[in-house]
Amino acid sequence: MDLEAVRTFVAVAEAGQFQKAATDLSITQQAVSKRIATLERTLGVRLFTRAPRGAELTIDGQAFLPHARELLRVAERAGASVRPGRRPLRVDVIASRVAPSALMRGFHQAHPEIDLDVVMLFDVETAVGAIRSGAIDASFRAVAMPGHPLPEDVESVRVLDEPHQLLTGPAHALAGARSVTVAQLTGHRIWMPGIAPGTEWAAYYDDLVAEFRLTIEATGPNFGSDALLDTVADTPALATLTTARTRLVWPAGHGLRRIPVTDPTPVYPHSLLWHRDNPHPALAALRAHLAATTAGQDAAGTWAPGWVTPR
């Protein structure tokens, strides 16, 4: 159904005259007549009768009027829902306990007036597809994987280099260390069942292993962080790697240790991705916030794969 014809019908019904409706709509009386005739053909009924005082609604016109007004209200709400600045900014943070989620919480605290819709997508390919389709406005990712450059219409900027920590149980050989060098990790079993083949984080840890000859095992089913912490706490021969801003909570009896890794410090490189033509005004506010709150990071003494997006 032609919404302009419906809008014209409501204008005539409220004005009571074709000429007055034409003036209100800034169109000619002939255009008003054509729109009404088209609508009547679509509905298969007459909506107006000519009267000495102008145009009067027929019984069918009276029945259609409240529905026509509702159609226009629905159309306005539909347009407003996608109008720049009227819908929430939709951002992918990968998971709820990792650094991007904390960055978005900080943004929300700084800009409570901006509506947010936080989602959690799986890998960079899924995220890029959602950015290009308009399903999301932005995503936090380590980009780009070797052999998988970003499309030309997707922009990115490095926003955070997050240092790694070794997580051990109380009986692990390195549990008493205040910090450990990357070289000290050689020969120790590092268990990370959450590494999924083909993802950007799998590519990151593949490079970390190749660079420093570490032993990272991704064997066994991934039952989540709670099961991982239970196993590490109870198994002196196992440790795992986590990142400094990853939120982990465990029972007091676990006695787990979070030990900074140094010399060099491996950092996980978080970048923000977005479509270059995305008009959402809150996207610029997010980028400005991230630039201000993560500025001044000292990259000296750190390591990240050569394929990630440079600063």
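Everything discussed here concerns the structure shown above.
Numbers given to residues run from 1 along each chain, matching the order in which its sequence is written. Residue-level local features of this predicted model are given only where pLDDT is at least 70; pairs of side-chain atoms are given and counted only at 80 or more, and the full residue set underlies all totals for whole chains, interfaces and linings. Only hydrogens and water are removed before side-chain values are computed, so all heavy atoms of the structure are retained for them.

Colleague: Help me understand the nonpolar core in this model?
Modeller: Most often, soluble globular proteins have nonpolar side chains that are buried together. Here, nonpolar core means buried Ala, Val, Leu, Ile, Met, Phe, Trp, Tyr and Cys residues that are tied together by side-chain atoms lying within 4.5 Å of each other. When a residue's accessible area, from a 1.4 Å probe over protein chains only, is under 20% of the maximum for its type it is buried; when over 50% it is exposed; and in between it is partly exposed. Ranked by internal contacts, the top residues of the largest apolar core, which has 27 residues, are L166, L185, Y205, L208, I216 and L241. Runs of E in the DSSP output that reach at least two residues are strands. Runs of H or I that reach at least four are helices, and both are numbered from the N terminus. Counting residues per element, this core draws most heavily on helix α7 (residues 200-212), which supplies seven residues. Any two residues whose heavy atoms approach within 4.5 Å at even a single point are treated as in contact. Excluding residues that lie within four positions of it along the chain, I216 makes contacts with I190, M192, I195, Y205, L208, V209 and L241.

Colleague: Explain the packing of aromatic side chains to me, please; I cannot follow it from the model alone.
Modeller: The relation between two aromatic rings is expressed through the spacing of the ring centres and the mutual angle of the planes. Two aromatic rings from Phe, Tyr or Trp, using only the six-membered ring of Trp, form a pair when their centres are within 6.5 Å; if the ring planes differ by under 30 degrees the pair is stacked, by over 60 it is edge-to-face, and anything between is tilted. One pass over the structure, following the stated rule, counts eight aromatic pairs. Note on Y204 and W303: the rings are 5.8 Å apart at their centroids and 55° apart in plane angle, and the pair reads as tilted. A residue pair is termed long-range when its members are at least 10 positions apart, and Y204 in helix α7 and W303 in strand β13 (residues 302-303) qualify at 99 residues. The two residues Y204 and W303 agree in class, both being buried. A ring pair is formed by F212 and W303, whose centres lie 5.5 Å apart and whose planes are at 75°; its orientation type is edge-to-face. Pair noted here: F212 is in helix α7 and W303 is in strand β13, with a separation of 91 residues, a long-range link. Per residue, the accessibility class of F212 equals that of W303, and both read buried. Through pairs of rings, three or more aromatic residues link up here, namely Y204, Y205, F212, Y268 and W303. Counting as a charge over the ring demands two things of the Lys NZ or Arg CZ atom: a distance within 6 Å of the ring centre and an angle within 35 degrees of the ring normal. When the ring centre of F18 is taken as reference, the NZ or CZ atom of R50 above it lies at 4.2 Å.

Colleague: Explanation requested: the pattern of salt bridges in the structure shown.
Modeller: Side chains that differ in sign of charge can pair as their charged atoms come close. Salt bridge, as used here: a side-chain nitrogen of Lys or Arg that lies within 4 Å of a carboxyl oxygen of Asp or Glu. One pass over the full model with this rule turns up 14 salt bridges. The closest approach of N and O atoms between D92 and R141, which form a salt bridge, is 2.7 Å. One end of the pair, D92, is in strand β3 (residues 89-92); the other, R141, is in strand β5 (residues 138-141), with 49 residues separating them in the sequence. Here E155 makes a salt bridge to R276, at a shortest N to O gap of 3.5 Å. With E155 in strand β6 (residues 154-168) and R276 in the loop between β12 (265-275) and α9 (281-293), this pair connects stretches of sequence that are 121 residues apart. You can call E155 partly exposed: its relative accessible area is 29%.

Colleague: Help me understand α9 in this model?
Modeller: Since there are 3.6 residues in each turn of an α-helix, residues three or four apart along the chain are aligned in direction. Expected span of a helix: the number of residues minus one, times 1.5 Å. Helix length check: α9 (13 residues) gives 19 Å between terminal C-alpha atoms against 18 Å at 1.5 Å per residue, within 8%. Along its buried surface, α9 packs onto β3, α5 (99-110), β5, β6 and β12.

Colleague: Looking at this model, I keep getting lost on the layout of surface pockets. Mind explaining?
Modeller: The probe, sized like a water molecule, is rolled over the atoms to show the empty space still left. Note on definitions: the grid is 1 Å and covers protein atoms alone; a cavity is a set of points where a 1.4 Å probe fits but cannot get out; a pocket is an open set with protein on both sides within 12 Å along at least five of seven lines; lining residues have an atom within 4 Å of a point. Grid points are joined across faces, edges and corners, and a volume is the space filled by probe spheres set on the points. Reported here for the largest pocket is a volume of approximately 860 Å³. Contributing to the lining of the largest pocket are 29 residues, with A95, V98, G194, W201 and T246 lying nearest its centre. Counting residues per element, the ones that place at least two in the lining of the largest pocket are β6, α7, α8 (225-234), β10 (238-243) and β12. At four residues, the largest contribution of residues to the lining of the largest pocket is made by β10. In this classification, Asp, Glu, Lys and Arg are treated as charged, Ala, Val, Leu, Ile, Met, Phe, Trp, Tyr, Cys and Pro as nonpolar, and every other residue, Gly included, as polar. Split into classes, the residues belonging to the lining of the largest pocket amount to 17 nonpolar, 10 polar and two charged.

Colleague: Could you clarify how one ought to interpret empty space enclosed by the protein in this entry?
Modeller: The final tally for this structure, using the stated rule, is one cavity of 30 Å³ or more. Looking at the largest cavity, the residues that line it are V182, L185, L208, L214, L241, V261 and P266. Looking at side-chain class alone, the lining of the largest cavity contains seven nonpolar, no polar and no charged residues.

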